[in-house]
Amino acid sequence: MEDENFYIRLCKSPIRFEPVSKANNVFFDDANKHVFAVRSGGAMGVVMKGPKEKTMASFRMEDRGDIMSIKFSPDKRILAAQRSPKTVEFLNFKEDLSTDQQEYSQYCKGKSTEIRGFVWSSPNEIIFITSNGLEHFQITPEKRSLKCLKTVNLQINWYVWLSTHNILLVSSGTLGNTLHPFYFKPGVMIRVPKFEVDLPSTPKPPRLSLLDRDVILAVIYNHLYVVILRHPPMASSGAEIVLYQLNKESPARKTDLLKLDMSGRFAINIVDNLIMVHHQASKTSVIFDIKLDGKSDGYVNYHYPVLSPLAIQPFKLLLPSVNMQAGTNKTTYNCELYSANWIVFQPDIVIDAKLGCMWSLEVSLSPLVTMISDKDRLIQFLLYRSESKNVILSVCAQMLIPGSQASLSSLAKVYDLLNLNYKNYLDAEIQLLAGESTSNASLPKIVIDQSDMFTNVFSIFEDYKQDIKYKFMVGVLIEYIRSLNHYNIAVQHYLYELIINILVQNNCFYQLHQFLQYHVLSDSKPLACLMLSLESEYPPAHQLALDMLKRIQTANEEIIEVLLSKLQLLPALRFIRSVGIVDTVSSRKFLETALNTNDNMIFYTVFKFFEQRNQRLRSNPRFQTGEHCELYVKHFESTFGHESLMPTPHLN
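In this report, we go over the structure that sits alongside the text. (Residues numbered from 1 in each chain as written. Predicted model: local features only at pLDDT ≥ 70, side-chain atom pairs only at ≥ 80, totals over all residues. Heavy atoms only, no water.)

Here the focus is helix α12 (residues 556-565). When α12 is considered as a whole, its buried residues turn out to be Ile559, Ile560, Val562, Leu563 and Leu564. The positive-phi residue at the C-terminal boundary of α12 is Leu567, with phi of around 60°. (Buried < 20%, exposed > 50% of the residue type's maximum accessible area, 1.4 Å probe, protein only. Helix = DSSP H or I, 4+ residues; strand = E, 2+ residues; numbered from the N terminus.)

Moving on: the sheet that holds strand β9 (residues 87-93). Here four strands make up an open sheet; going across it, the order is β7-β8-β9-β10 and the pairing antiparallel. In this open sheet, the two strands that pair with only one neighbour each are β7 (69-72) and β10 (99-107). When the angles between neighbouring strand axes are averaged without regard to direction, this sheet yields 20°. As paired elements, β7 and strand β8 (residues 78-82) share four bridges and run antiparallel to each other. (Pairing = 2+ DSSP bridges. Axes fitted to C-alpha atoms, helices over the stretch in contact; angles between N-to-C directions.)

A few words now on the pairing of strand β15 (residues 159-162). Taking every second residue as pointing to the same face, both faces of β15 are buried, with Tyr159 and Trp161 on one and Val160 and Leu162 on the other. For β15 and strand β16 (residues 167-172), the ladder comprises four bridges, and the chain directions are antiparallel. Directly across from Tyr159, in β16, lies its bridge partner Val170. Connecting β15 to the antiparallel partner β16 that follows it, the hairpin turn spans four residues, and Asn166 within it adopts a positive phi of roughly 50°.

To continue, consider the packing of helix α8 (residues 493-505) against helix α10 (residues 525-533). Any two packed helices are characterised by the angle at which their axes cross and by the distance between the axes. Running from N to C, α8 and α10 point in directions that differ by 25°, and their axes come no closer than 9 Å. The angle between the axes of α8 and α10 places the two elements in the roughly parallel class. Our pair here, α8 against α10, has a crossing hand that is right-handed. For the pair α8 and α10, the contacting residues are His493, Tyr496, Glu497, Ile500 and Asn501 in the first and Pro526, Leu527, Leu530 and Met531 in the second. Among the residues making up the contact of α8 with α10, the classes are represented as six nonpolar, two polar and one charged. (Parallel < 35°, antiparallel > 145°, perpendicular 65-115°, else oblique. Left-handed = near helix turned anticlockwise from the far one by under 90°. Contact = heavy atoms within 4.5 Å. Nonpolar A, V, L, I, M, F, W, Y, C, P; charged D, E, K, R; others polar.)

Here the focus is the side chain of Arg385. Following the sequence through the fold, Arg385 ends up in the loop between α2 (375-383) and α3 (389-398). In this structure Arg385 comes out as buried when scored by relative accessible area, which is 0%. A polar contact of 2.7 Å, which involves the side chain of Arg385, links it to the side chain of Tyr221. In this structure, Arg385 is in contact with Tyr221, Asp272, Asn273, Leu274, Asp289, Leu365, Lys445 and Ile446, ignoring residues within four places of it in sequence. (Polar contact = N/O pair within 3.5 Å; in protein donor to acceptor, adjacent residues only side chain to side chain.)

As a further point, take the pairing of strand β31 (residues 342-345). Taken together, the four bridges between β31 and strand β32 (residues 349-352) define a ladder with antiparallel strand orientation. Its bridge partner lying in β32, Val344 is registered against Val350. Taken together, β31 and the strand that follows it, β32, pair antiparallel across an intervening segment of three residues.

Further remarks concern the environment of Leu477. Secondary-structure assignment places Leu477 in helix α7 (residues 470-486). Considered as a pair, Leu477 and Phe454 are 23 residues apart in the sequence and their alpha carbons are 9.8 Å apart. Every residue in contact with Leu477, bar those within four places of it in the chain, is listed here: Phe458, Phe461, Leu498, Ile499 and Ile502.

Below, the discussion takes up the packing of aromatic side chains. Across all of its chains, the model carries 27 aromatic pairs by this definition. Ring plane angle 85° and centroid distance 6.4 Å describe the contact between Tyr415 and Phe458, whose orientation is recorded as edge-to-face. In this pair, Tyr415 is assigned in helix α4 (residues 408-433) and Phe458 in the loop between α5 (450-456) and α6 (460-463), connecting sequence segments 43 residues apart. Considered together, Tyr415 and Phe458 belong to a single accessibility category, that of buried residues. (Phe/Tyr/Trp six-rings, centres within 6.5 Å; stacked < 30°, edge-to-face > 60°.)

Within this structure, the stated rule accounts for 22 salt bridges. For Glu362, the salt bridge identified is with Arg9, shortest N-O distance 2.7 Å. Here Glu362 is found in strand β33 (residues 357-363), whereas its partner Arg9 is found in strand β1 (residues 8-10), with 353 residues between them in sequence. Residue classification places Glu362 among the partly exposed residues on the basis of a relative accessible area of 26%. Here Asp198 and Lys254 are joined by a salt bridge, their closest N and O atoms 2.7 Å apart. Of the two residues, Asp198 is situated in the loop between β19 (195-196) and β20 (215-220) and Lys254 in strand β23 (residues 253-259); the sequence distance between them amounts to 56 residues. Each of Asp272, Asp289, Arg385 and Lys445 takes part in a single network of salt bridges with overlapping partners. (Salt bridge = Lys/Arg side-chain N within 4 Å of Asp/Glu carboxyl O.)

In structure tokens, the structure reads:
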């Protein structure tokens, strides 16, 4: 169950591994999300676990000293392990994650060079980040050999890697604030213009001031950012987070600044496009949403936390019980949140190596409904979240219930937000159908369409019909329809039906008449049919429906059916003549209706009308066999004779 007092939680099922100890070292491969538990340098076994059930392996390695870093290639066919500052060792694996046991290695170039770390850029390519630059290698596992593709000479302090986009960011310079981005494609290294990060102050003598622990690479709302935690020169002022947006053609540009109003140790995660900042001293976290309106000076957008700082929801862990006599083999352990043993990885990982747990962080959306009082801002926030549809619909329904009813102006803002999103989705769909290229990333995450609103929101009018004033119901629906029209979204007929039914139930026929007369309710065939069904309760509804069908201009068949159903033969004949369809209508249908009137004059008029049509079309007044009018010809002859002396009828 979600606790309504917390908006950040740890995932329910953490990955469990053997905790760090004297005999066991723990490593994390952030590219593959693998945790490695390494016993005695690998000689006593290596256990690898990942977020998917299949990503588990157990194997042994030769003990050649303590391991500094260990990572699988993206396809898990090659394991790379660093044991010294000068070399990386490799071990090939088969499909079942069993090893062939024969290791091979690669040294870095230069006597004074040290390997700062390594990353996989593809299943068969690896990059060494050294103190003196980058070394890009291609691996041929069958030959157990590496070939150098390219080297870059550059003094490097530290690096940050974003595996999802194959971007490497390295720091150089005395202060460490000159950053160099590199993009990698198979066989290719692309260098991007470097940029400098602003520092709060320059220490004297100058020394390394920007550290890797304060820098992450992140994808936020489909844009690449370098996210930098900037500590204040004095503890009395708060820390800041600065976002630099990466561009392939030009130096990164500072776009956003997040105000923390706290100082001390921080850790940053990116969860569902939110920047989540953890503060160890206060054991609280805050979230920032750069899509929500912030202040701007024309160059940089300034943001404050969406909500006040709050702790992560408490987490209880089941551990093997020490007291086996109690009849239970499990005991509950309250995990220490914001522990000194916590290590944070991107985008959403928290690891407690001493406890042997790896969690992913999540945002609890339901508690935010009461925490964010401004419904306009709340809906805007929720629309950007990936799992928020049910929460949004719940909020929209709540805004209509007595006791928490919102004003029509507030509802109008919310509906405009929903329908702008809806319109963007429809436009993107049209582009896809037209064969135009559009990325899935550009599609809105959450779409609330008319069916969702009708089924989950406006349906409460029925549940609360005794408590909600009908004028409010009508006002809400008119406001929603106004918003749909504003974004040129075709209104579904069931929304009009709902308004009409509410008005009819409350005997508001005059208002209904006005809505139709002034086209507040748009013309449609289903709406016209509904109006026809109301004739017994409101006689003018019949003419209103006919007028609507005439305006539609594609409802000739329906108009004819309506007129014939009311036995209005002469108006029906006048209508088919006015719209030029005399030659195509079924004579049998008209003659059948005329016979049912039991009015000989009407029957005579209709019969002669179609005789004249036959004469004009075929130079013969007789009906063809295929028209199946024999019954009506016999009736005419028995009533009026073969050659009637009655005058030719006039419809006018």
